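# Geometric and topological summary
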Amino acid sequence: MSKAAQLRELLERKEIARIVGSRDALTALLVEEAGFDGLWASSFEISASRALPDLGLLTMSELLEASSHVNQATSLPLLADCDTGFGGNINVVRTVRQFEAADIGGICLEDKVFPKRNSFLGGGQNLEDAGEFAGRIQAAVRARTTGDFTVVARVEALIAGAGLEEALRRAHLYADAGADAILIHSKESTPAEILEFLRAWQARTPVVVVPTTYPHWDLAEAQAAGVSMVIYANHALRASVSAMRDVLGEIRLQGGTGGVEDTIAPMKELFGLTQVNRWEEWSA
């Protein structure tokens, strides 16, 4: 089964799917090892790994390269975060063709004005004209060579404070344009407005959520409410930052690494993750 078919199956199955943000191939290996269903190539994580803010600074080629490394590392399907699509309709067409050719399962496009700002930054968000964005979704759907390649439309109306009715209006426009799923985003501390959206949406398409700011929503409750996929978008990156700070601070304080060796992965684990034995067999 192709990666695209795998991703589509995750979105359409009865059981809720869980995918995890992976900024690089090693993170993807750990996500697969932990037993998750798929991968999310997050523009936030990929930008941060290059010491850049999530402000639409990365090019399509940079995100494609990072996504390809993640995708090739495991058997899991990947949904790639492609921000606003890197330009107009023709840019979206090229994006779809490049990501599909790389055997990536699908892409997610968000309905904000380029250059986008991360959804959790203060200072407001600028939404794209809904009709203009629907045209990009339509272009993306037409550009794919197989119906399995997934196009997810990310609705940012709740993030921008535009309200439920505007979020629904936009979601219906994007579904009319051919979007395979709707990612409805919120920065509230509870899932209340997501639940309102889900009740009104009535499962017209699969719905994806990113519960970064409402982390205590029970998975079973999300499934019962009609969520098809949950993205844990940035937790691996955030965990690594905390762990590295702790270890580096301890090394600096103690003047050596003896005090941290029992708390960090031994070298043999890294050899195992990177399949040293297999590579040595091939080189023999």
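Higher on the page you've got the structure.
Residues numbered from 1 in each chain as written. Predicted model: local features only at pLDDT ≥ 70, side-chain atom pairs only at ≥ 80, totals over all residues. Heavy atoms only, no water.

Our focus in this paragraph is the overall build of the protein chain. Regarding its fold elements, the protein chain presents 12 helices and eight strands. Relative to a compact globule of 284 residues, whose C-alpha radius of gyration would be 19 Å, the protein chain shows 20 Å and is just as compact. Sorting the 284 residues of the protein chain into buried and exposed places 47% on the buried side. Residue pairs at least 24 apart in sequence account for 70% of intrachain contacts in the protein chain once pairs closer than 6 positions are excluded. Looking at the protein chain as shown, the accessible area adds up to about 13,700 Å², and 52% of this sits on carbon and sulfur atoms. Here the protein chain carries 26 positive and 38 negative side-chain charges, and the mean point of each set is 4 Å from the other. (Helix = DSSP H or I, 4+ residues; strand = E, 2+ residues; numbered from the N terminus. Rg over C-alpha atoms; globule rule 2.2 N^0.38 Å. Buried < 20%, exposed > 50% of the residue type's maximum accessible area, 1.4 Å probe, protein only. Contact = heavy atoms within 4.5 Å. Areas by Shrake-Rupley, 256 points an atom, 1.4 Å probe, with all protein chains shown as cover. Lys, Arg positive; Asp, Glu negative; His and termini not counted. Charge placed at Lys NZ, Arg CZ, Asp CG, Glu CD.)

Phe99, Ile137, Tyr174, Ile184, Phe197 and Val209 are the most contacted members of the largest nonpolar core, which totals 57 residues. Per-element tally for this core: the top contributor is helix 6 (residues 130-143), with seven residues. Each residue touching Val209, except ones within four places of it in the same chain, is listed here: Ile184, Ile194, Tyr214, Trp217, Val227, Met229, Val230 and Ile231. (Core = buried A, V, L, I, M, F, W, Y, C linked by side-chain atoms within 4.5 Å.)

So, about the packing of aromatic side chains. Taken as a whole and assessed by the stated rule, the structure comprises five aromatic pairs. Arranged with centres 6.1 Å apart and planes meeting at 70°, the rings of Phe36 and Tyr232 form a pair that is edge-to-face. In this pair, Phe36 is assigned in the loop between helix 2 (25-34) and strand 2 (38-41) and Tyr232 in strand 8 (residues 229-232), connecting sequence segments 196 residues apart. Under the relative-accessibility criterion, Phe36 is labelled partly exposed at 25%. On the basis of relative accessibility, which here comes to 23%, the residue Tyr232 falls in the partly exposed class. (Phe/Tyr/Trp six-rings, centres within 6.5 Å; stacked < 30°, edge-to-face > 60°.)

With respect to the helices and strands, the residue Ser68 is situated in helix 4 (residues 60-73). Among the polar contacts listed, one links the side chain of Ser68 to the backbone oxygen of Leu64, at a separation of 2.8 Å. Non-local contacts of Ser68, meaning those with residues more than four positions away in its chain, are made with Ala102 and Ile104. (Polar contact = N/O pair within 3.5 Å; in protein donor to acceptor, adjacent residues only side chain to side chain.)

Around the barrel, eight strands lie side by side as 1-2-3-4-5-6-7-8; this closed barrel has parallel pairing. On average, adjacent strands in this sheet sit at an angle of 25° to one another, irrespective of strand direction. In this structure, strand 4 (residues 106-110) lies alongside strand 5 (residues 150-155), joined through five bridges in parallel fashion. Counted as the bridge partner of Ile107 is Val151 from strand 5. Packing of helix 4 onto the sheet brings it into contact with strand 2 and strand 3 (78-81), and relative to strand 3 it is tilted by some 160°. (Pairing = 2+ DSSP bridges. Axes fitted to C-alpha atoms, helices over the stretch in contact; angles between N-to-C directions.)

To continue, consider the layout of surface pockets. As a volume, the largest pocket reaches approximately 590 Å³. Along the walls of the largest pocket sit 17 residues, with Leu26, Leu30, Ser240, Met244 and Ala265 positioned nearest its centre. Elements that contribute at least two residues to the lining of the largest pocket include exactly helix 2, helix 10 (235-254) and helix 11 (267-273). Broken down by element, the lining of the largest pocket gets its largest block of residues, six residues, from helix 10. Of the residues that constitute the lining of the largest pocket, the class distribution is 11 nonpolar, three polar and three charged. Taken as a whole, the second largest pocket holds about 220 Å³ of empty space. Lining the second largest pocket are 17 residues, with Phe44, Asp54, Asn118, Phe120 and Asn234 positioned closest to its centre. Considering only residue class, the lining of the second largest pocket consists of five nonpolar, seven polar and five charged. (1 Å grid on protein atoms, 1.4 Å probe; cavity = no way out; pocket = protein on both sides within 12 Å on 5 of 7 lines; lining within 4 Å. Points joined across faces, edges and corners; volume = space filled by probe spheres on them. Nonpolar A, V, L, I, M, F, W, Y, C, P; charged D, E, K, R; others polar.)

Quick look at the state of the cysteines now. In total, this model carries zero disulfides according to the counting rule given. We note that Cys82 lacks a disulfide partner, and the nearest cysteine sulfur, in Cys108, lies 8.3 Å from it. Take Cys108: its relative accessible area is 1%, and that puts it in the buried class. (Disulfide = S-S within 2.5 Å.)

For helix 6, built from 14 residues, the straight-helix expectation of 20 Å at 1.5 Å per residue is met to within 8% by its first-to-last C-alpha distance of 20 Å. Where burial is concerned, most of helix 6 is hidden: 10 out of the 14 residues are buried. For helix 6, every residue scored as buried is listed here: Ala130, Phe133, Ala134, Gly135, Arg136, Ile137, Ala139, Ala140, Val141 and Ala143. Packed against the buried residues of helix 6 are helix 5 (89-101), strand 4, strand 5 and helix 7 (164-176). A distance of 3.1 Å separates the backbone nitrogen of Gly131 from a side-chain oxygen at the start of helix 6, and that oxygen is part of Asp129. (Expected span 1.5 Å × (residues − 1).)

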